[in-house]
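# Residue-level structure breakdown
Each chain is listed here by its residues.
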Amino acid sequence: MSGPRANVLFLGNSSEVNFSLMLSPIDEETGKLQHSNCSGSRRAGDWNLNVTPGANTSKVTISLTRNLQLCLPNATDCCTTPLCVVETLQVLACRDSVMVAHLLIQAEIYANSSFIGNVSENATIIPNQAFQPLGSCPCDLTAGACDVRCCCDLECLPDLKQLFTGSCFTGVFGGDVNPPFDQLCSAKSMENTPDWFPFLCVQSSLDNTPFLGYFYHGSISTPSEPSFKIPLQTSPGRLFTGYRQGDPIMTEENDYFTVPQQSMAGQCVGNAPVAFLRSFDARCLTHLASYREGLPHGVRINSGTGDFIQQNVIYGTITDIDKFITKSENPPATEVPCKNVTFAEHYKLICKGKNIKEINVTVFLGSLCDGEILTQRFTVKFVSLNSTNETELSGNPGYQVGKPVRAANLSASDAFGSLKLWQPAGRGLCTSATYTPVLFGLDSLSGCMLEVGINEDCSLLRGNVTEKLNSLIQATHIGKRGNSNYSDLNDWVKIIRLDPYNSDASVSSGNLKGICSDIPANLNIRIIIADVGAVQGIPLQEILAVQISYSTVIWQFQCGLTCENPNFLPITASVQFIKVPAQPPIPLTRFQINYTEFDCDRNDVCWPQLFYPLTRFYTGEPYSQCLAKGLALAFLVLLAAITSNPWFQKVWNNSLV
């Protein structure tokens, strides 16, 4: 046992049983315990034995009666060593002087480390660190003992200090908690001291040291959790005056109107707010275990004027589920649970000016089973109330970010054109890929896989890849503005095409099988845009030029275990929007090129703006105060310049003679 008390149970009838306790020291000669008998009592040394009888079970308690505190100076009845008790006990149970049971106990008990005594009611006062150092001797780390090399330790006797007097800790750790600071007049050193030091030094006591300023009480700010609820009225009586492009659409409960959208990381966010005039087409992957229902379609939407609009919902059923569901390669042997879920939601918001007039929602439902992966589709499209059956505009007049880039084929009878990217589905093959329009202001990269065999003819492969890439660009011109008119040629810019290098003439028929060079596998679309004005603070963006180029690769067939299976050739198309200034920038002068440290646009410290606080452009303080401070500063600079000259030292010395 390691504590002052132990409990054991005696099984059986204890009415005629006599319990006794004995100290059993070990015989030094034999190393064995002394012989025990039934003539003992219930007390042995500092130990007591108590018995609580029961019907068929008796509780036997062995307890220690001595004090377990460590001895203080001039104290008795205490423990002189940390290991206070080391004894061997025997508990005997006898009936008619015959031992029926016995228990051997080895006790090793340590002294208590907690303090027991009179506690002073005076609380320890911690000094304010802004006015007084917290500890006068930081190197005093051990209580009740002398710390070596800590000369400020009061527990170090003079004889012991003589051993390390020459190696004491220095600085704040060694007890110098108020060191002289550099600005103190009495701390002037003979070396590297400027001549103006006596004019600007500080005459102060060491108790007023600037080192105490490092300790201060910081303010505590209450954290606030962000809320998705935003009041529509910033002040009483002020009406909601409509939406602007990019503003979140609100509901009747002052919440955001949310539809699942793709984040910048590519993942879907289920509670993403819908921004006004920002159409999108999002696809989200989910399965039965992680499927969550979105915002209920019964929620009413704020029109922008304080009125609320009910959603017009039409439900449909998906007939071709293969476009949405990817089934497991290993079909389940038993029946799996299924659930009727939402496959697609298409929102059409009809707007007039800054307000929303109508919301039409088409919801497609289908059955999703366990083990299947569902590709949900969510689209939001903003349509003008005044628009006809013609092609929807992408802005009026400038482009809106996220709207499709307008394209035209002016060399054909039907001027309508398209500029698209791939939107692969399933295995990512080009044969099953769908298309999505190029959106203004959004850099994009898409691609698909083309099946190629080992016996593929290189010329046919180049032609096939070029045809696939050219199918994305069914246009000869791109609209400068979002409302470009097909009948006005000045509203369109011609697409500059850089055709891929055709190496058919230089390639001999004896090429190696499975290797083709100069495959135009990458289509690069560069669109140059610029800000040409602004309407109500919203910049007007136009397209200035469009260039299409190709990047070629060397394709080589990779054989696995056999060369019979076809390989996949990835072909990609990228769109990059390059923004340029509407007018050419003013060229840099030779001085700005050679002396960049004086350029205020490229440096935090700018010498030409040294006197900015003295100009009328500075509004941080009244002009009269800035002028007075500037004159005082100029006087000090002039005084320092005069006193630093050698002739001033001669005049000063002569005046003292």
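Residues numbered from 1 in each chain as written. Predicted model: local features only at pLDDT ≥ 70, side-chain atom pairs only at ≥ 80, totals over all residues. Heavy atoms only, no water.

As recorded in an unreviewed UniProt entry, the protein chain goes by Tectonic family member 2 and comes from Apteryx owenii. Recorded under Sequence similarities (unreviewed entry), the UniProt text for the protein chain is reproduced unchanged: "Belongs to the tectonic family." (UniProt positions renumbered as here; feature names shortened; annotations may be inferred.)

### A closer look at unusual backbone geometry
If a residue is not glycine, its phi is most likely negative; likewise, a peptide bond is most likely trans. Here S97, not a glycine, exhibits a phi torsion of approximately 60°, which is positive. Tracing the chain through its elements places S97 in the loop between β6 (83-95) and β7 (98-110). Positive phi values are uncommon outside glycine, yet D518 reaches one of about 55°. Among the secondary structure elements, D518 is positioned in strand β25 (residues 515-535). (Helix = DSSP H or I, 4+ residues; strand = E, 2+ residues; numbered from the N terminus.)

### Some points on the packing of aromatic side chains
All told, the structure shown has nine aromatic pairs when counted by the stated rule. Measuring from ring centre to ring centre gives 4.6 Å for Y399 and F440, while their planes differ by 10°; the resulting arrangement is stacked. Within this pair, whereas Y399 is found in the loop between β17 (373-384) and β18 (407-408), its partner F440 is found in the loop between β20 (434-437) and β21 (444-452), the two being separated by 41 residues in sequence. Residue Y399 is classed as buried on the basis of its relative accessible area, which comes to 3%. Residue classification places F440 among the buried positions, given a relative accessible area of 0%. In textbook terms, an aromatic cluster arises when at least three aromatic residues are bridged by ring pairs, as seen for Y243, F276 and F382. (Phe/Tyr/Trp six-rings, centres within 6.5 Å; stacked < 30°, edge-to-face > 60°. Buried < 20%, exposed > 50% of the residue type's maximum accessible area, 1.4 Å probe, protein only.)

### Regarding the environment of L498
Within the fold, L498 resides in the loop between β24 (492-497) and β25. Taking relative accessible area as the criterion, L498 reaches 41% and is therefore assigned partly exposed. Note: C-alpha distance between L498 and I548 (50 residues apart in sequence) is 6.0 Å. Excluding its chain neighbours within four sequence positions, the residues that come into contact with L498 are Q547, I548, S549 and Y550. (Contact = heavy atoms within 4.5 Å.)

### A closer look at the confidence of the model for the protein chain
Of the residues in the protein chain, 82% reach a pLDDT of 70 or more, and the chain-wide mean stands at 79. Across residues 229-239, where pLDDT falls below 50, the model places eleven contacts with residues more than four positions away in sequence or in other chains. Across residues 505-510 the pLDDT falls below 50, and counting only partners more than four positions away or on other chains, this stretch makes two contacts in the model. (pLDDT = per-residue confidence, 0-100.)

### So, the sheet that holds strand β5 (residues 57-64)
The four strands are arranged β1-β5-β4-β3 in an open sheet whose pairing can be described as antiparallel. Among the strands making up the open sheet, the edge pair consists of β1 (5-11) and β3 (43-44). Sheet analysis places strand β4 (residues 47-52) next to β5, joined by six bridges and oriented antiparallel. For V51, the partnering residue across the bridge sits in β5 and is V60. (Pairing = 2+ DSSP bridges.)

### Considering a nonpolar patch on the surface
There is a patch of nonpolar side chains on the surface, built from L638, I642, W647 and V651 and spanning about 380 Å² of accessible area. At the level of secondary structure, the elements contributing two or more residues to the nonpolar patch comprise α5 (623-643) and α6 (646-656). Given a relative accessible area of 48%, V651 falls into the partly exposed group. (Patch = residues over 30% accessible without salt bridge, like charges linked within 9 Å, V, L, I, M, F, W, Y side chains within 5 Å. Areas by Shrake-Rupley, 256 points an atom, 1.4 Å probe, with all protein chains shown as cover. Salt bridge = Lys/Arg side-chain N within 4 Å of Asp/Glu carboxyl O.)

### Observations regarding the side chain of E372
Of note, E372 is situated in the loop between β16 (355-369) and β17. Among the polar contacts made by the side chain of E372, one reaches the main-chain amide nitrogen of C369 at a distance of 3.2 Å. Ignoring sequence-local partners within four residues, the contact set of E372 consists of T286, H287, L288, I325, T326, K327 and S367. (Polar contact = N/O pair within 3.5 Å; in protein donor to acceptor, adjacent residues only side chain to side chain.)

### Comments concerning the pattern of salt bridges
Within the structure shown, the criterion is met by seven salt bridges. For R481, the salt bridge goes to E542, with nearest N and O atoms at 3.4 Å. With R481 in the loop between β23 (477-479) and β24 and E542 in strand β26 (residues 538-556), this residue pair connects regions lying 61 residues apart in the sequence. Here E542 falls in the buried class, since its relative accessible area comes to 15%. The partner of K579 in a salt bridge is D531, and the shortest N-O contact between them spans 2.8 Å. You can see K579 sitting in strand β27 (residues 567-579) and its partner D531 sitting in strand β25, a full 48 residues away along the chain.

### Focus on the sheet that holds β7
The three strands lie next to each other as β2-β6-β7, forming an open sheet whose pairing is antiparallel. The open sheet has two free edges, formed respectively by β2 (18-23) and β7, since each of these has just one partner strand. Neighbour to neighbour, the strand axes of the sheet diverge by 20° on average, direction disregarded. Where β6 and β7 come together, twelve bridges link them in antiparallel fashion. Within β7, the position partnered with A93 by the bridge is A101. (Axes fitted to C-alpha atoms, helices over the stretch in contact; angles between N-to-C directions.)

### A closer look at the environment of Q203
Structurally, the position occupied by Q203 is in the loop between α2 (197-200) and β8 (261-262). Among the residues examined, Q203 registers a relative accessible area of 67% and is labelled exposed. C-alpha separation for the pair Q203 and C185, spaced 18 residues apart in sequence, amounts to 5.6 Å.

### Considerations on helix α3 (residues 458-470)
Taking 1.5 Å of rise per residue, 13 residues should cover 18 Å, and α3 covers 18 Å from first to last C-alpha, within 8% of that figure. Along α3, the positions that sit buried rather than exposed are C458, L461, R462, V465, T466 and L469. Relative to the axis of α3, the buried residues are bounded by an arc of 130° and lie together on one face. Summarising the geometry of α3, the exposed residues directed more than 90 degrees from the buried face are L460 and E467. (Expected span 1.5 Å × (residues − 1). Arc of directions from axis to C-beta.)

### Describing the state of the cysteines
In protein structure, a disulfide is the covalent linkage between the sulfur atoms of two cysteines. Scanning all chains against the criterion turns up eleven disulfides. One disulfide in the model links C185 with C201; its S-S distance is 1.9 Å. Here the disulfide of C185 and C201 is right-handed, its torsion about the S-S bond being about 90°. In this pair, C185 sits in the loop between α1 (158-161) and α2 while C201 sits in the loop between α2 and β8, placing the two residues 16 residues apart along the sequence. Take C185: its relative accessible area is 22%, and that puts it in the partly exposed class. What pairs with C268 in a disulfide is C284, and their sulfur atoms sit 2.0 Å apart. Taking the torsion about the S-S bond as the criterion, the C268 to C284 disulfide, at about -90°, is left-handed. Residue C268 is located in strand β9 (residues 268-269), and its partner C284 is located in strand β10 (residues 280-287); the two are separated by 16 residues in the primary sequence. What makes C268 partly exposed here is its relative accessible area of 33%. (Disulfide = S-S within 2.5 Å.)

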